[in-house]
Amino acid sequence: MTMQMGAMGRSQTAYAQVGEDTPFQLDDSDPTVPPASSMDPTLFNTSEHGLSSSEAASRLARFGRNELEDKQKPKWKILVEQFTGPMPCMIWMAAFVEIIIRDWPNFWILVVLQCVNGGLGYHESTKAGDAVAALKASLRPEAMAKRDGIWKKINAAELVPGDLVVLGAGSAVPADSRVCPGAKPIDIDQAALTGESLPVTFHSGETAKMGSTVVRGEAEGIVTATGADTFFGKTATMIKSVDEMGHFQKILLRITFFLLFISLTLVSICMIYMIIKGDSFLKALAFGVVLLVASIPIAMPVVCTATMALGSRKLAEQKAIVSRLASIEELASMNMLCSDKTGTMTLNKMALQEELPMFFEGTSREEILQCACLAAKWKEPAKDALDTLVLNAIDLSPLNAYQQLEYVPFDPSTKRTEATLKGPDGVVFNVVKGAPNVVLDMCQNGASIKKHFEEEVNAFADRGIRCLAVAKSNAQGLQMLGVLTFLDPPRHDTK
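Quick caveat, the model's predicted, so the values are computed rather than measured.

A. Highlighting the overall build of the protein chain. The secondary structure content of the protein chain amounts to 14 helices and 17 strands. Sorting the 495 residues of the protein chain into buried and exposed places 39% on the buried side. Sequence-distant contacts, at least 24 apart, represent 63% of the contacts inside the protein chain between residues at least 6 apart. Counting only carbon and sulfur atoms, one obtains 60% of the accessible surface of the protein chain, whose full area is about 27400 Å².

Here it is as structure tokens:
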């Protein structure tokens, strides 16, 4: 086993080598890797030098770009749709009748009305689409990939299966990527995919999903899927497959057909009556057109489009881009909205609450917070959300009087963090913080306080408040001190 240094001073990553060009091997048992029937497993046998430029170009042509297909409607089609809907067709029919009876003033009024409505709708629709396209272009992601033995920063859309990439803290996972053998664990925030605010630890052999973000650690990975073949891409494809007429269009269509039926019925009765009474057909037709135009709200599309256009401008002032005008009305008529909470309606940032139940006589809020900080690397930058929570709660300078002899970082399997410390008086003690039920089982006073402890924790859970238990050892053993309470507060613009 040898160690290979990452380029440009990156953290050291270990992987097996037999010779200089020994390829990486992926475990086919992982369900996140595309099956052999759909993806050639030899694609992932990438050497430590990465792919060559020629091989990458070949795979790019074979698998396509690492981006989701964006089916944009041509602008000419958007323009045509403005003049071919149910209501525009009625206006065209009325204008055609005006030509037959040679009523030119009314004919030009109808044509101008049609053009104003179609032009306004086309302008707002294309303007929104252009704004979305510009936003996507400005947010084009990049990835650090190894090509021809050299680390390069490339457009993430050019990644291909088998590429060797760096998954570093603060960067987005550019494509579904398998963590290379021997790499140290990395923490990845999957809030965009799962809504969970706390990061998930990925070990060697596990696959990080496109759309997530690395929050701690650094490792090299092999790209296993790109574009629509990724977990994120498949989910997006399923959502796009739902193509249904919007609520607003349905309402307008119902109104149009209802008015059309009533109007045609009345016009037909009136024309038949006039012809029976001896009036000429052209005179009856002229009267019918007047009645038809008067009974149908021809200006309804203009009014609706203008109203929604004003709404889109108001939303634009609030930094919101409306890609489809009808979506404004559809959102306003919504009865229930199922939305991701974390980072959407909340800050995606834990906030400590004032409530702090205590379970050990003589303890104080300040002591509990100090013990929580001692169960972390307080002299180093916070590495996760919980450490950030407690280290920002108090003044850390008094903690420098303590010497940290041993530290066990948080592990998802144990659900706790532990530390052994030596106090200013020379006494050695342990501190633990973690999941309430886990820490309670470790404490000597756990049996005596269990009922009251569980009642408090369950009451907080019913209110959506999370709990973090803190314990400290003394001569009798580990004692439960108290429970820190925290939550992810709502955004200032959430109402």
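B. Representation of the pairing of strand β16 (residues 466-474) in the model. Taken together, the four bridges between strand β15 (residues 428-434) and β16 define a ladder with antiparallel strand orientation. The residue bridging Gly-434 from the neighbouring strand is Ala-469, located in β16. In this sheet, strand β17 (residues 477-487) lies alongside β16 in antiparallel orientation, the contact comprising nine bridges. If you follow Val-470 over to β17, its bridge partner there is Gly-482. Counting the residues between successive antiparallel strands, the hairpin from β16 to β17 contains two residues.

C. Local environment of unusual backbone geometry. Of note in the backbone geometry, Asp-148 takes a positive phi value of approximately 55° without being a glycine. Here Asp-148 shows up in the loop between β3 (142-147) and β4 (150-155). We classify Asp-148 as partly exposed; its relative accessible area is 41%. One non-glycine residue, Lys-415, lies in the positive phi region at around 60°.

D. Fine view of the nonpolar core. Core analysis: the largest hydrophobic core is formed by 25 residues, its most contacted members being Leu-374, Val-390, Leu-421, Val-431 and Leu-484. Within the residue set of this core, elements represented by two or more residues are α11 (365-374), α12 (385-391), β14 (416-422), β15, β16 and β17. With near-sequence residues (within four places) excluded, Val-431 lies in contact with Cys-371, Leu-374, Ala-375, Thr-417, Glu-418, Ala-419, Leu-421, Ala-471 and Lys-472. Listed in part, the 18 residues of the second largest apolar core include Leu-159, Leu-167, Ile-186 and Ala-219.

E. Spatial organisation of the sheet that holds β4. Strands sit in the order β4-β3-β5-β11-β6-β9 across an open sheet of six strands; the sheet is antiparallel. The open sheet has two edge strands, β4 and β9 (207-208), and neither has a second partner. Note: β3 against strand β5 (residues 164-168), two bridges, orientation antiparallel. Note that in β5 the partner of Ala-145 across the bridge is Val-165.

F. Looking closely at helix α14 (residues 446-462). Taking 1.5 Å of rise per residue, the 17 residues of α14 would be expected to cover 24 Å, and the 22 Å separating its terminal C-alpha atoms lies within 8% of that figure. Helix geometry: α14 is bent most strongly at His-452, by close to 40°. In this structure, the buried side of α14 is in contact with α13 (436-442), β16 and β17. Positive backbone phi, at 80°, marks Gly-464, one or two positions downstream of α14.

G. Molecular detail of the packing of aromatic side chains. For the coordinates displayed, the defined rule picks out five aromatic pairs. Consider the rings of Phe-107 and Trp-108, whose centres lie 5.0 Å apart with planes at 70°: the pair is edge-to-face. Summarising the aromatic geometry, the rings of Tyr-402 and Phe-429 are spaced 6.0 Å apart at their centres and angled 85° between planes, so their arrangement reads as edge-to-face. You can see Tyr-402 sitting in the loop between α12 and β13 (403-411) and its partner Phe-429 sitting in strand β15, a full 27 residues away along the chain. Each residue in the set Trp-104, Phe-107 and Trp-108 is aromatic and connected to the rest through ring pairs, giving one cluster. The residue whose ring lies beneath Lys-209 is Phe-231, and the NZ or CZ to ring-centre distance is 5.9 Å. The ring of Phe-429 carries Lys-472 above its face, with NZ or CZ at 4.8 Å from the centroid.

How each quantity is defined
- Residues numbered from 1 in each chain as written.
- Predicted model: local features only at pLDDT ≥ 70, side-chain atom pairs only at ≥ 80, totals over all residues.
- Heavy atoms only, no water.
- Helix = DSSP H or I, 4+ residues; strand = E, 2+ residues; numbered from the N terminus.
- Buried < 20%, exposed > 50% of the residue type's maximum accessible area, 1.4 Å probe, protein only.
- Contact = heavy atoms within 4.5 Å.
- Areas by Shrake-Rupley, 256 points an atom, 1.4 Å probe, with all protein chains shown as cover.
- Pairing = 2+ DSSP bridges.
- Core = buried A, V, L, I, M, F, W, Y, C linked by side-chain atoms within 4.5 Å.
- Expected span 1.5 Å × (residues − 1).
- Bend = angle between axes of the 7 residues up to and from the residue.
- Phe/Tyr/Trp six-rings, centres within 6.5 Å; stacked < 30°, edge-to-face > 60°.
- Lys NZ or Arg CZ within 6 Å of the ring centre and 35° of its normal.

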